[in-house]
Structure formats: C-alpha cells, structure tokens
Amino acid sequence: MLEFKHNEGWAITIATDHRTVSALVADVIAEQVAATPNIVWSLPTGSTPIPLFDILAARAAREEIDFRNVVFFSLDDYLGLHPSDPNSLSGWLQREFLNRVNVQPANVHLIPADDPIPGEAARHYDADLTRCGGFDLVVLGIGENGHIAFNEPGSEASTRTRVVEMTPETREQAAGYWNDQFRMPGQAMTIGMANILEARQIVLLVTGSVKATVLAEALTGDISHHVPASILRLAGARLHIFADASAASQLNLN
Ligand code: GLP
C-alpha cells in the first residue's frame with residue numbers, strides 16, 4: 001500500500017487490487033459512521049463500488065457498522081425513471097446496497113429524476129440536502145471522460161442539482177447496463193459539483209486500467225471543467241482518493 005499527500009492538500013492511497021482498496025474505503029465509512037451515527041452521505045453507482053457494497057453489507061451483518069441513523073442522498077439517475085424501473089440507478093442502489101443493510105427508508109433521499117417538473121424537483125432536492133446540513137461524506141466514482149456523478153465535461157465548480165445532457169461517450173458506457181438501450185434517456189438528473197465540494201469529506205474510488213488515463217489527467221492536469229474530477233482538488237485536504245494499482249498505473253506524482 002502506498003500513501004501520498006499532495007501539496008494541494010489532498011491524499012491518495014494506492015492498494016494492490018479492487019477488493020483491497022474497497023476494504024480501505026469501507027474502513028473510512030465505518031469510522032465516520034461510528035464517530036457520527038447520523039452522517040449525511042452518499043455512494044456512487046456503477047461497477048466500481050460493487051465489492052465495497054459487499055464488504056459493507058458483510059460488516060453490517062456482523063453488526064460492526066450500524067447504518068440505522070445515517071441519512072442517505074443518492075447522486076444521480078436517468079431522467080424520467082422511477083426507482084421501480086429496472087434501469088433506474090436509484091433502484092439499483094436500493095437492490096445492491098440500501099436494502100442489504102439497516103438504513104432506514106425514511107432516511108433515504110433518492111434524486112427525483114422521475115418528477116414531472118424536474119427543474120423544480122432538483123431545486124427542492126438541493127434544498128433538502130442543505131437543510132440536512134450538506135454532505136458529511138460523499139463517496140464517488142469517476143467516468144472514463146472524467147465525469148463525477150453525471151457532471152459531464154463542461155460542468156463548473158458552482159453547479160448544483162440539475163438536469164443535464166449526457167455525452168455520447170457516457171451513453172455508450174451506460175448502454176452496457178441497459179437491456180433496451182433505445183429506451184435510454186439522453187438526459188439525467190445529478191447533484192452538482194458545488195454540492196460535492198461543500199462536503200466535509202470526499203472519497204474518490206477509482207479502479208481498473210480503463211480509468212488510468214483519466215485519473216492521471218484529473219490529478220496531474222489543470223483543474224478544469226473539461227475534466228470535472230480535477231475540480232475535486234479544490235477541496236484540498238477534504239479529498240482522499242483511493243485507487244488500485246491498475247488505475248494508478250499512469251500517475252506520476254511529485
Ligand atoms: C456512471 C455514474 C457515476 C459512476 C460512473 C462510473 O456514469 N453516473 O456515478 O461513477 O458511471 O461507473 P463505473 O464504476 O461502472 O465505471
């Protein structure tokens with residue numbers, strides 16, 4: 001395991017493989033929940049967090065982590081999809097994680113991507129998050145084009161929860177998860193970069209060689225809306241990146 005602290009304040013921990021690095025992120029979550037049982041937090045969707053979900057569910061089953069009082073806000077979903085839709089990210093998160101642990105349904109806020117007036121619903125969701133005090137801990141994944149949640153390239157640091165257009169690359173990447181990709185919306189609802197930057201702690205989990213180029217760009221290139229993940233560096237010491245060796249293979253940190 002390798003730990004590096006950058007002079008911008010953020011830290012990166014590199015572990016051998018996906019499972020090992022996921023266990024380290026599970027440790028961070030467990031520590032936070034133990035210290036503040038009612039933390040406001042979030043988890044990403046995608047293939048990256050699957051081992052993390054399994055580790056957290058196993059620890060919860062052994063009563064090592066108690067999620068009873070945590071407050072959960074989901075990050076993003078395809079526009080127009082209800083959580084009961086098999087392609088909904090919120091629904092997927094419920095099946096893959098939330099329903100496997102003792103998170104209380106009343107404490108779960110799912111992004112209202114299926115609301116008939118999405119712009120207004122997004123603003124209410126943002127206000128709900130603010131009312132709850134904002135994120136204590138936000139755990140994120142990264143898209144191959146550097147997107148964070150569905151904050152695509154071009155997303156500024158000041159963005160808040162809103163409806164966004166998905167890029168063709170993101171749609172192509174997501175198509176693999178859809179059983180009927182022709183039904184995939186071109187838009188999504190996502191929390192914004194500002195909601196994330198305001199978090200007291202930001203954890204970015206990155207695994208696999210397919211993410212190596214974008215991770216190097218995000219951490220060693222300019223801080224720019226062209227690579228939304230690079231904007232996370234503005235959080236300084238509140239940002240901790242956890243990568244496996246494959247994802248970190250193109251990093252040259254000095
Ligand atoms: C989607 C989600 C992101 C996620 C990204 C990476 O686009 N909106 O929140 O981080 O995919 O997914 P994966 O882990 O499958 O590479």
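Residues numbered from 1 in each chain as written. Predicted model: local features only at pLDDT ≥ 70, side-chain atom pairs only at ≥ 80, totals over all residues. Heavy atoms only, no water.

Caption draft 1: Just the overall build of the protein, in detail. Scanning the protein from terminus to terminus reveals eight helices and eleven strands. Structurally, the protein occupies a C-alpha span of about 50 × 40 × 35 Å along its principal axes. In the protein, which comprises 254 residues, the proportion classed as buried is 57%. Restricting to contacts in the protein with at least 6 residues of sequence separation, those with at least 24 account for 78%. With an accessible surface of roughly 10,900 Å², the protein has 50% of that area assigned to carbon and sulfur atoms. Counting 17 positive and 30 negative side-chain charges, the protein places the averaged centre of each group 4 Å from the other. (Helix = DSSP H or I, 4+ residues; strand = E, 2+ residues; numbered from the N terminus. Buried < 20%, exposed > 50% of the residue type's maximum accessible area, 1.4 Å probe, protein only. Contact = heavy atoms within 4.5 Å. Areas by Shrake-Rupley, 256 points an atom, 1.4 Å probe, with all protein chains shown as cover. Lys, Arg positive; Asp, Glu negative; His and termini not counted. Charge placed at Lys NZ, Arg CZ, Asp CG, Glu CD.)

Caption draft 2: Spotlight on the side chain of Ser22. Here Ser22 shows up in helix 1 (residues 18-35). With relative accessibility at 0%, the residue Ser22 sits in the buried group. Once you skip the residues sitting within four places of it in the chain, Ser22 turns out to touch Pro51, Leu52 and Ile55.

Caption draft 3: A look at the layout of surface pockets. Approximately 620 Å³ is the volume found for the largest pocket. In terms of lining residues, the largest pocket is bounded by 32 residues, among which Thr45, Gly46, Ser47, Gln173 and Tyr177 are the most central. Where the lining of the largest pocket is concerned, the elements lending two or more residues are strand 5 (76-78), helix 3 (89-96) and helix 5 (168-175). Its residues assigned to classes, the lining of the largest pocket comprises 15 nonpolar, 13 polar and four charged. (1 Å grid on protein atoms, 1.4 Å probe; cavity = no way out; pocket = protein on both sides within 12 Å on 5 of 7 lines; lining within 4 Å. Points joined across faces, edges and corners; volume = space filled by probe spheres on them. Nonpolar A, V, L, I, M, F, W, Y, C, P; charged D, E, K, R; others polar.)

Caption draft 4: Structural view of the environment of Ala243. Structurally, the position occupied by Ala243 is in strand 11 (residues 239-244). Relative accessible area serves as the criterion here: at 0%, Ala243 is assigned to the buried category. Separated by 28 residues in sequence, Ala243 and Leu215 have C-alpha atoms that sit 9.0 Å apart. Once you skip the residues sitting within four places of it in the chain, Ala243 turns out to touch Ile12, Thr13, Ile14, Ala15, Val21, Val206, Leu215 and Ala248.

Caption draft 5: Structural context of the pattern of salt bridges. Scanning all chains against the criterion turns up ten salt bridges. Here Glu64 ties to Arg62 by a salt bridge, and the two come within 2.7 Å at their closest N and O atoms. Relative accessible area serves as the criterion here: at 52%, Arg62 is assigned to the exposed category. (Salt bridge = Lys/Arg side-chain N within 4 Å of Asp/Glu carboxyl O.)

Caption draft 6: Examining the packing of aromatic side chains more closely. Counting across every chain of the model gives ten aromatic pairs. Plain terms: the ring middles of Trp41 and Phe72 are 5.6 Å apart, the flat faces sit at 90° to each other, and that makes the pair edge-to-face. Taken together, the residues Trp41 in strand 3 (residues 40-42) and Phe72 in strand 4 (residues 71-73) connect sequence positions 31 residues apart. The pair Trp41 / Phe72 is uniform in exposure class, with both members buried. A centroid spacing of 5.4 Å and a plane angle of 65° characterise the contact between Phe73 and Tyr125, whose relative ring orientation is edge-to-face. On the criterion of sequence distance, the pair formed by Phe73 in strand 4 and Tyr125 in helix 4 (residues 118-131) is long-range, its members being 52 residues apart. Across the pair, Tyr125 and Phe73 agree in class, each one buried. Every member of this aromatic cluster is reached through a ring pair, and the members are Trp41, Phe53, Phe67, Phe72, Trp92 and Phe97. (Phe/Tyr/Trp six-rings, centres within 6.5 Å; stacked < 30°, edge-to-face > 60°.)

Caption draft 7: Molecular detail of the site of the ligand. Close contacts around the ligand come from Thr45, Gly46, Ser47, Thr48, Asp76, Gly141, Ile142, His147, Ala149, Phe150, Tyr177 and Lys211, and that covers them all. At 2.8 Å from an oxygen atom of the ligand is found a side-chain nitrogen or oxygen belonging to Tyr177. Taken by itself the ligand offers 390 Å² of open surface, and the protein chains cover 91% of this. Placement of the ligand is best described as lying within the largest pocket. In terms of residue class, the shell around the ligand is built from four nonpolar, six polar and two charged. (Near = heavy atom within 4 Å. Polar contact = N/O pair within 3.5 Å; in protein donor to acceptor, adjacent residues only side chain to side chain. Sits in = over half its atoms within 2 Å of the grid points.)

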